[in-house]
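Per-entry structural report
Residue-level listing of the chains:
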Amino acid sequence: MSRADLGPQRIVCLTEETTEWLYLLGQQHRIVGISGYTVRPPQARHEKPRVSAFLNAKIDKILALRPDHVFGFSDLQADIAAALIRAGVAVTVFNQRSVGEIMAMLWQVAALVGCAESGQRWLAAVQAQHDAMRRAVQQRLAAGARRPRVYFEEWDDPPITAIRWVSELIEIAGGQDIFPELAQRPLGRERVIADAHEVVRRAPDLIIGSWCGKKFRPERVAARDGWQQVPAVRDGQLHEIKSADILQPGPAALTDGVAQLHRLVLAWMDRAAGASAATPPDGGQPGLAPGEHSDA
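Computed from a predicted model, the values in this text were never measured in an experiment.

Each value, and the rule that gives it
- Residues numbered from 1 in each chain as written.
- Predicted model: local features only at pLDDT ≥ 70, side-chain atom pairs only at ≥ 80, totals over all residues.
- Heavy atoms only, no water.
- Pairing = 2+ DSSP bridges.
- Helix = DSSP H or I, 4+ residues; strand = E, 2+ residues; numbered from the N terminus.
- Axes fitted to C-alpha atoms, helices over the stretch in contact; angles between N-to-C directions.
- Salt bridge = Lys/Arg side-chain N within 4 Å of Asp/Glu carboxyl O.
- Buried < 20%, exposed > 50% of the residue type's maximum accessible area, 1.4 Å probe, protein only.
- Core = buried A, V, L, I, M, F, W, Y, C linked by side-chain atoms within 4.5 Å.
- Contact = heavy atoms within 4.5 Å.
- Parallel < 35°, antiparallel > 145°, perpendicular 65-115°, else oblique.
- Left-handed = near helix turned anticlockwise from the far one by under 90°.
- Nonpolar A, V, L, I, M, F, W, Y, C, P; charged D, E, K, R; others polar.
- Disulfide = S-S within 2.5 Å.

1. Overview of the sheet that holds strand β3 (residues 50–52)
Ordered in space as β3-β2-β1-β4-β5, the 5 strands form an open sheet in which the pairing is parallel. Where the open sheet ends on each side, the last strands, each with one partner, are β3 and β5 (91–94). Taken over all neighbouring pairs, the strand axes of this sheet differ in orientation by 25° on average, direction set aside.

Structure below.
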């Protein structure tokens with residue numbers, strides 16, 4: 001009997017990240033049910049029955065699929081997990097909140113389905129990509145650039161700032177999260193910015209919106225009271241990263257999400273460096289050597 005045969009054969013994934021991961025591992029044949037919020041990979045929605053939202057699930061429908069393992073995420077799915085456990089189903093609920101914890105979760109799932117080696121190779125490749133991002137940023141810092149201050153907003157009313165893994169990905173990408181102290185708090189309600197003017201005081205260079213379940217509206221952000229003086233608003237540096245790419249604590253955040261952050265950060269650093277080079281420290285005119293004068 002192979003290691004793969006010893007692992008679960010009929011898996012229900014209550015959140016998207018384990019579904020995406022099993023597809024990446026080539027183990028999608030094991031999946032018998034998925035979350036209704038799943039968008040990655042897109043074919044999953046056409047191939048697999050949807051049996052849950054995030055806070056609730058169709059327990060009878062799940063049981064009818066005869067799963068031998070269910071994967072969930074966070075304490076918010078504890079009631080679903082308890083109902084399934086009482087029905088005799090094996091349930092694993094992960095609670096990953098950091099980049100390191102996401103990687104550990106992915107390795108554990110890979111091991112459960114007999115793919116520890118291929119999972120480890122994938123994770124090593126991702127780590128190499130992150131290291132390359134850090135090197136690209138360090139090269140710019142060595143040339144005199146600085147890291148942009150980043151305000152990441154995952155909800156607008158009330159404004160909620162980045163969760164821990166997003167804050168860490170901002171750092172990997174080369175930016176500085178302006179609310180690192182809030183990122184350590186796992187619950188959204190603990191990351192609410194009570195005073196929106198605190199964003200103004202912390203003066204972000206980049207504003208990135210990822211409003212879970214709805215389109216980011218940069219014009220609404222720019223129109224907030226007092227925000228016109230924020231560097232990111234003044235310079236038109238308001239961008240969207242889709243929530244499916246960064247707010248799911250799984251493969252997408254470690255690849256597509258951080259890659260989008262990195263592109264935005266490097267573009268900002270290069271623009272800022274160019275603007276600095278175009279404005280001499282003495283306030284003179286660009287392109288003139290010391291002691292020269294314009295004929296204009």
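Having seen the model, we can carry on.
2. Side note on the pattern of salt bridges
Summed over all chains, the structure comprises 21 salt bridges. Note that Arg217 and Glu219 form a salt bridge whose closest N and O atoms lie 2.5 Å from each other. Judged by its relative accessible area of 41%, Glu219 is partly exposed. Close ionic contact of Lys242 with Glu240 constitutes a salt bridge, the shortest N to O distance being 3.6 Å. Taking the relative accessible area as the measure of exposure, Lys242 reaches 47% and is therefore partly exposed. Judged by relative accessible area, Glu240 falls into the partly exposed class, the value being 26%. Connected through shared salt-bridge partners, Glu181, Asp195, Glu198, Arg201 and Arg202 make up one network.

3. As for the nonpolar core
The biggest cluster of nonpolar side chains holds 50 residues, and the ones touching the most others in it are Val166 and Leu169. Not counting chain neighbours up to four residues away, the residues in contact with Leu169 comprise Val99, His130, Ile246, Ala253, Leu254, Val258 and Leu261.

4. A few points about helix α2 (residues 16–24)
An α-helical turn contains 3.6 residues, so a residue and the one three or four places further along point in the same direction. Extensive coverage of α2 is indicated by the burial of 8 of its 9 residues. Taken together, the buried positions of α2 are occupied by Glu16, Glu17, Thr18, Thr19, Glu20, Trp21, Leu22 and Tyr23. A positive backbone phi angle near 75° is found at Gly26, which sits one or two residues after α2.

5. Remarks on the packing of α2 against helix α6 (residues 99–112)
In the contact formed by α2 and α6, the axes pass within 11 Å of each other and the chain directions differ by 55°. For the element pair α2 / α6, the angle class is oblique. For the pair α2 and α6, the crossing hand works out as right-handed. Taken together, the residues of α6 that come into contact with α2 (itself represented by Glu17, Thr18, Trp21 and Leu22) are Met105, Leu106, Val109 and Ala110. Its residues placed into classes, the contact of α2 with α6 shows 6 nonpolar, 1 polar and 1 charged.

6. Considerations on the packing of α6 against helix α7 (residues 116–142)
Interhelical geometry of α6 versus α7 gives an angle of 160° and a closest axis separation of 8 Å. In terms of their interaxial angle, α6 and α7 are classed as roughly antiparallel. Crossing hand, α6 versus α7: right-handed. Every residue of α7 that contacts α6 at Met103, Leu106, Trp107, Ala110 and Ala111 is listed here: Ala116, Gly119, Gln120, Trp122, Leu123, Val126, Gln127 and His130.

7. What about the side chain of Thr19?
Secondary-structure assignment places Thr19 in helix α2. Beyond its immediate stretch of four places on either side in the chain, Thr19 contacts Cys13, Ile31, Ile34, Thr38, Arg40, Pro41 and Ala44.

8. Side note on the state of the cysteines
Here the structure, examined in full by the defined rule, presents 0 disulfides. Among the cysteines around Cys115, which has no disulfide bond, Cys13 carries the closest sulfur, lying 13 Å off. Accessibility expressed as a relative area gives 9% for Cys115, which makes it buried. For Cys212, which is in no disulfide, the shortest distance to another cysteine sulfur is to Cys13 and amounts to 18 Å.

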